[in-house]
Amino acid sequence: MTALRDILVAQIAAQGPLTIAQYMTACLLHPEHGYYTTREPLGTAGDFTTAPEISQMFGELIGLALAQSWLDQGAPGLITLAELGPGRGTLMADILRATAGVPGFHSAARLHLVEVSPVLRARQAAALGAFDPVWHDSVEALPEDAPLFLVANEFFDALPVRQFLRDGRGWRERVVGLRDGALAFGQTDALPNSALAHRLADTRDGDLVETCAPAATIAAALGARIASHGGLALVADYGDWRSLGDTFQAVQGHATADPLAAPGLADLTAHVDFEALARAAPCAHTRMAPQGELLERLGITARAQALATKLGGEALNSHVAAHRRLTHPDEMGTLFKMLGLFPHSAPTPPGFLNDT
Ligand code: SAH
């Protein structure tokens, strides 16, 4: 039993089942027992690892892509350099180190971080304190008066999704209720859902689709800022152009787990529906690419070879393994995608292909 499970069982007994989104929000962000509120999830002692934690090359290439896009947009003298869910601050530290040699980029940048976890804010302060970051609880609080150059790696997958099962022309919502006093999945009756009207064409009875309202709200806020002042948002995460099927998952101790087994103790995520982000930000231009291809086009192989000349033994083996892990289709290369959001008037950012 976890403390949070007792709280949720009592709440469901009194008020009825929770949507998957309500359950995810409670598990991740409960003020006392939430996963992100209470622990440091990353690293070997944590539950999962991420691309910037695997190799410095990830942040270096992303940083140079941001800086090139800044140059392509006329090198504006004041920009918001921002990250959503910066974890331990590793990605932004690599971005800042790689861009230190780009004349004018650092002096133009004001660093803004969106982070809910007090534990991780402290880690970010230790890694990035020299750059005077300003923290925010939400994307809406990011400055609205300057070009926005932003990264978000494995942030959108942590946002709460709702799940709907196609039933005729309606949809049953998947919920978390109780069976014999234990948390169990259930379904509501079928109801029409106007937000899913566009999915009637590509789904059949019994298909499951996921929606993520907070992700759409955030993408709209980023798109609006980028459309009015310029910039580039790079969103990296696992997922596909269009969501189909149940991707709600729990990870604990680097292994997948039952999402209902240990509320507050496991990381809960869902795949990102990149089309939904693009649809929510029509004022910005969008491009998506598989992570492996994008990193190749940004020059990861040349960078990997340059770093390898200084390494030997175990360090060289782990460097070679990290390069493969970030790019190979059997590892993160295909499952992970990167979405770029940029002004309609700006050149396509480095690494993405032009209109085909
Ligand atoms: N980007 C980092 C960490 C990924 S873990 C990396 O790649 O290593 C997810 C991050 O998003 C954590 O920093 C977590 O605390 C933060 N986060 C999760 N949900 C959030 C929310 N609703 N608002 C702001 N930050 C959130």
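Notes on the structure in this doc start here.

**Regarding the pattern of salt bridges**
Working step 1: Per the stated rule, a full pass over the model turns up 16 salt bridges.
Working step 2: Salt-bridge contacts for Arg172 lead to Asp167; the nearest nitrogen and oxygen are separated by 2.8 Å.
Working step 3: Of the charged contacts in the structure, one is a salt bridge between Asp202 and Arg242, with a shortest N-O distance of 3.0 Å. Here Arg242 lies in the loop between β10 (231-240) and β11 (249-252) and Asp202 lies in the loop between β8 (182-191) and β9 (208-211), a separation of 40 residues in the sequence.
Working step 4: Look at Arg242 and you get partly exposed, because its relative accessible area is 29%.
Working step 5: Several salt bridges share partner residues, and in doing so they unite Glu40, Glu53, Arg88 and Arg123 into one network.

**Things to note about unusual backbone geometry**
Working step 1: The backbone of Ala75 shows a phi angle near 50°, a positive value even though the residue is not glycine.
Working step 2: By the element assignment, Ala75 lies in the loop between α5 (56-72) and β2 (79-84).
Working step 3: Backbone geometry places Asp132, a non-glycine residue, at a positive phi of 55°.
Working step 4: Structurally, the position occupied by Asp132 is in the loop between α8 (118-128) and β4 (134-136).
Working step 5: In this structure Asp132 comes out as exposed when scored by relative accessible area, which is 64%.

**Thoughts on the site of the ligand**
Working step 1: Taken together, 18 residues sit near the ligand, with Thr50, Gly85, Gly87, Glu115 and Asn153 positioned nearest.
Working step 2: A distance of 2.7 Å is found between a nitrogen atom of the ligand and a backbone nitrogen or oxygen belonging to Gly85.
Working step 3: Between the ligand and the protein, one listed contact pairs an oxygen atom with a side-chain N or O atom of Asn153 at 2.8 Å.
Working step 4: Taken by itself the ligand offers 560 Å² of open surface, and the protein chains cover 95% of this.
Working step 5: Classifying every residue of the shell around the ligand gives 10 nonpolar, five polar and three charged.

**Thoughts on the sheet that holds strand β12 (residues 255-257)**
Working step 1: Taken together, three strands build an open sheet; the order of strands is β12-β11-β13 and the sheet is antiparallel. On the outer flanks of this sheet lie β12 and β13 (267-269), each paired with one strand and no other. Taken pair by pair, the neighbouring strands of this sheet meet at an average axis angle of 40°, ignoring direction.
Working step 2: Of the strand pairs in this sheet, β11 and β13 are connected by three bridges, and their pairing is antiparallel. Directly across from Val251, in β13, lies its bridge partner Asp267.

**Let's talk about the packing of aromatic side chains**
Working step 1: For the coordinates displayed, the defined rule picks out five aromatic pairs.
Working step 2: Between the aromatic rings of Phe155 and Phe156, the centroid separation amounts to 5.3 Å while the plane-to-plane angle is 85°, which identifies the pairing as edge-to-face. Like Phe156, Phe155 is buried.
Working step 3: Aromatic pair Tyr238 and Phe336: ring centres 5.3 Å apart, planes at 80°, arrangement edge-to-face. Pair noted here: Tyr238 is in strand β10 and Phe336 is in strand β16 (residues 336-342), with a separation of 98 residues, a long-range link.
Working step 4: Classification of Tyr238 as buried rests on a relative accessible area of 9%.
Working step 5: Accessibility expressed as a relative area gives 6% for Phe336, which makes it buried.

**Some thoughts on α5**
Working step 1: Look at α5: 24 Å from first C-alpha to last across 17 residues, which is about the 24 Å you get at 1.5 Å a residue.
Working step 2: In terms of residue burial, α5 counts as a mostly covered element, since 12 of its 17 residues are buried.
Working step 3: Along α5, the residues that are buried comprise Met57, Phe58, Gly59, Glu60, Leu61, Ile62, Gly63, Ala65, Leu66, Ala67, Ser69 and Trp70.
Working step 4: Capping of α5 at its N-terminal end is provided by Ser55; its side-chain oxygen lies 3.0 Å from the backbone amide nitrogen of Met57.

**Quick word on the side chain of Arg287**
Working step 1: Looking at where Arg287 falls in the secondary structure, it is placed in strand β15 (residues 285-290).
Working step 2: Since its relative accessible area comes to 13%, Arg287 is described here as buried.
Working step 3: Within the structure, the side chain of Arg287 is placed 2.9 Å from the backbone oxygen of Leu353, a separation counted as a polar contact.

The rules behind the values
Residue positions are counted from 1 within each chain, in the order its sequence is given. Local features in this predicted model are restricted to residues of pLDDT 70 or higher, and side-chain atom pairs are both shown and tallied only at a pLDDT of 80 or more, whereas totals for entire chains, interfaces and linings draw on every residue. Hydrogens and water molecules were not included; the side-chain quantities draw on all heavy atoms of the structure. By convention in these notes, a salt bridge is any Lys or Arg side-chain nitrogen within 4 Å of a carboxyl oxygen on Asp or Glu. In DSSP terms, a helix is any run of H or I states spanning at least four residues, a strand is any run of E spanning at least two, and both are numbered starting from the N terminus. Using a 1.4 Å probe on the protein chains alone, a residue whose accessible area is under 20% of its type maximum counts as buried, one over 50% counts as exposed, and one in between counts as partly exposed. Proximity criterion: a residue is near a molecule or strand once any of its heavy atoms comes within 4 Å of it. Think of a polar contact as two N or O atoms within 3.5 Å of one another; within protein, one of them needs to be a possible hydrogen donor and the other a possible acceptor, and neighboring residues in sequence only count if both atoms come from side chains. Using a 1.4 Å probe, accessible areas were evaluated by the Shrake-Rupley method; residue-level cover was limited to the displayed protein chains. Residue polarity follows a fixed list, in which Ala, Val, Leu, Ile, Met, Phe, Trp, Tyr, Cys and Pro are nonpolar, Asp, Glu, Lys and Arg are charged, and the others, Gly among them, are polar. For two strands to be treated as a pair, DSSP must find at least two bridges joining them. In this description, a line fitted to the C-alpha atoms serves as the axis of each element, helices being fitted only across the stretch in contact, and the angle between N-to-C directions of two axes falls anywhere from 0 to 180 degrees. Centre distance within 6.5 Å is the pairing criterion for rings of Phe, Tyr and Trp, where only the six-membered ring of Trp is used; planes under 30 degrees apart are then read as stacked, over 60 as edge-to-face, and the remainder as tilted. Here the expected span of a helix is defined as 1.5 Å times the quantity of residues minus one.

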